[in-house]
Amino acid sequence: MRSICFHPKTQSFSISPRSSPSRASLSTPRRSFSESTMEQIIEAASSMIMKWNPETSTYARVTSLFYENKREAKQFLKCVNDLQKAMHLLASEGSADGRMVRAQNLMQIAMKRLQKEFYQILSTNRAYLDPESVSTRSSRASAISSTSDYEDDGSAEDEIRAADDSISEVEHVSSTAMADLRSIAECMIASGYAKECVNVYKVIRKSIIDEGIYRLGVERMSSSQVNKMDLATLDLRIKNWLEAVKISMRTLFAGERILCDHVFAVSDSIRESCFGEISKEGAVLLFGFPELVAKTKKSPAEKIFRVLDMYTAISENWAEIESIFSFDSTSIVRSQALNSLVRFSDAILTMLSDFESSIQKDSSKTPVPGGDVHPLTLHSINYLTLLSDYSSILSDIIYDWPPTVKSSLPKSYFDSPDSDDSLAPPISVRFAWLVLILLCKLDGKAKHYKDVSLSYLFLANNLQYIISKVQTSNLQYLLGEEWITKHEAKVRQFAANYERLAWAPLFASLPENPSASITPEEARERFKRFNSSFEAAYRKQSSCIISDPKLRDEVKVSIAKKLTPVYREFYNKHMEAADGRRNLRLFVRYAPEDIENYLPDLFFGTSETWRSPSSSTTSSSSSHRPRSRLSS
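Notes on the structure follow. Bear in mind that the values here come from a model prediction, so they are computed numbers and not experimental data.

1. Some details on the overall build of the chain
Move 1: A tally of helices and strands in the chain yields 25 helices and zero strands.
Move 2: Out of the 632 residues belonging to the chain, those deemed buried represent 49%.
Move 3: Intrachain contacts of the chain at a sequence separation of at least 6 include 82% that bridge at least 24 residues.
Move 4: When the accessible surface of the chain is split by element, carbon and sulfur atoms take 52% of a total near 30600 Å².

Put into structure tokens, the structure is as follows:
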């Protein structure tokens, strides 16, 4: 008799132990039913079911039961449930009379009607059952679904109206449709027609998921297709994918899981089977693309940032991936996402190693004019600055990366022997190591300058640029204040060495004791020697560059402090002693104010033909002093 009461195709589905209140309808009726009661149940069911039989009624064929009359829809479901109880009782009694055949025929007609209603609700409410609408339903909207299971008491209706007043029309329609679908599904599953119900659901909902994935720009591609893409096209695909992950996890798959869990709440096995078949293909396609990107042969340095973006997108959504695809049947989705993360980790470590090698292999030997910042410094530290924005992600990836052997670099570049970086986070150690490699490379490039003073200026410029980038990025947290302080001291040391070597001849042209008494002839010789030394130094150093404004001002101030006060004292003391000749400016070409006006023009790399002042050398003839370009 079971083969008569239950459709044989539905035996693969089981009812969850966690039953809903409506599951009481599945229990075996007591034998206290009288024969008249049995007849009344079958007659009532026949009247209601035949009224909505589309094969015999034109009205039933063109009208939706659940849309036209909710109360009658509730009665229809009650008649079907009562009919199912009666069939259970007849089966338990071993009855083989005509009542069982009639009940079975009525049940088949009712199931066709409910299958039609189920399809219509899914189809006509696509706009209200889209994953975004479902996933963003408020808890207030849930009140409708929980109270509209066709309870006949007034309090339920009051709750529906109260909830209805507080939510939007879209949420109301969505919640009502979900409640209708759940009621039909539970009735069909209890009656042994689960597969018919599920098949309708799968066909319609899978098309929505597949369409959503396609609209998000995710297409099935092979590894060779991705490899053949130019970088611009691949970059665009990655951008689309990043947006697709955000939307799909927030709405598409999340909404579908909510809808499926609600409609088929009566059975865990049906929920799992249904959601798996609907979403698995699209999700595997979505999370399979990153693996293809990770395996591409194109690996420009900038690719690492896109890979990190994709890694971040998966890792940040990992909790949602595990939650939404928690079923055993959807484990392939979790595995695919995890495989992509592993592939990305390997690719990122490879690209970091390639970046390290690119610094070490840089073979440019042409000195940068003026001791300015080297292109290798600009590229490398800017690259590290951008990488530092991904420090939290890189911390996980780098955690187990074997440390680099330090023996390949000079010992002088490491901290004191007492220092121990074993307590530092691996991410900090790795970034400090990469900066150290860059500094060592710059030290080698400084040796290409024939002028030793310029090599020190080159080192000061490059290290100062690195420090400024560290201080204005996440690198400051990775390298720490101690690193910054130590390297700022090195910049001052490099600048002092430059100043000492480049300006020493000029400083030496001034007497140690500028106020000491000397003969007029000695004064004139001192002035002449200062003139030539100043012009030579200025002509040579005006081609030098200090890009950092703060460092530039510090060097200028330091030079001025050593030069101007001594020269002013000497000038004021011996100007008159040098007088007595008609061509005084041949001996005293510069007033102290002239020197002060020349110095601000230094370190911009704007070397010009030297033009000594044409004015007579008196401190009062300010109208003839050279004018500083900085003040112009």
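2. Some points on the packing of aromatic side chains
Move 1: For the structure on display, the rule yields 22 aromatic pairs.
Move 2: Between Phe527 and Phe570, the ring centres sit 4.9 Å apart and the planes meet at 50 degrees, which makes this aromatic pair tilted. Remark: Phe570 occurs in helix 24 (residues 549–574) and Phe527 occurs in helix 23 (residues 520–541); sequence separation between them is 43 residues. Each of the two residues, Phe527 as well as Phe570, counts as buried.
Move 3: Ring centres 5.9 Å apart and planes at 40 degrees place the aromatic pair Phe534 and Tyr538 in the tilted group. On the criterion of helical spacing, the pair formed by Phe534 and Tyr538 is a turn pair, its members being four residues apart in helix 23.
Move 4: The exposure class of Phe534 is buried, given its relative accessible area of 0%.

3. Some points on the environment of Arg500
Move 1: Within the element layout of this structure, Arg500 appears in helix 22 (residues 475–508).
Move 2: Taking the C-alpha atoms as reference, Arg500 lies 9.5 Å from Ile559; in sequence the two are 59 residues apart.

4. Here's the deal with unusual backbone geometry
Apart from glycine, the bulk of residues carry a negative phi angle, and the bulk of peptide bonds sit in the trans form.
Move 1: Backbone geometry places Phe603, a non-glycine residue, at a positive phi of 70 degrees.
Move 2: Along the polypeptide, Phe603 turns up in the segment after helix 25 (592–598).
Move 3: Exposure remark for Phe603: the relative accessible area of 0% places this residue in the buried category.

5. Overview of helix 23
Move 1: With 22 residues, helix 23 should cover 32 Å at 1.5 Å per step; its first-to-last C-alpha distance of 31 Å lies within 8% of that length.
Move 2: Against the buried residues of helix 23 lie helix 22, helix 24 and helix 25.

Calculation rules
Residues numbered from 1 in each chain as written. Predicted model: local features only at pLDDT ≥ 70, side-chain atom pairs only at ≥ 80, totals over all residues. Heavy atoms only, no water. Helix = DSSP H or I, 4+ residues; strand = E, 2+ residues; numbered from the N terminus. Buried < 20%, exposed > 50% of the residue type's maximum accessible area, 1.4 Å probe, protein only. Contact = heavy atoms within 4.5 Å. Areas by Shrake-Rupley, 256 points an atom, 1.4 Å probe, with all protein chains shown as cover. Phe/Tyr/Trp six-rings, centres within 6.5 Å; stacked < 30°, edge-to-face > 60°. Expected span 1.5 Å × (residues − 1).

In short, geometric facts, not functional conclusions.
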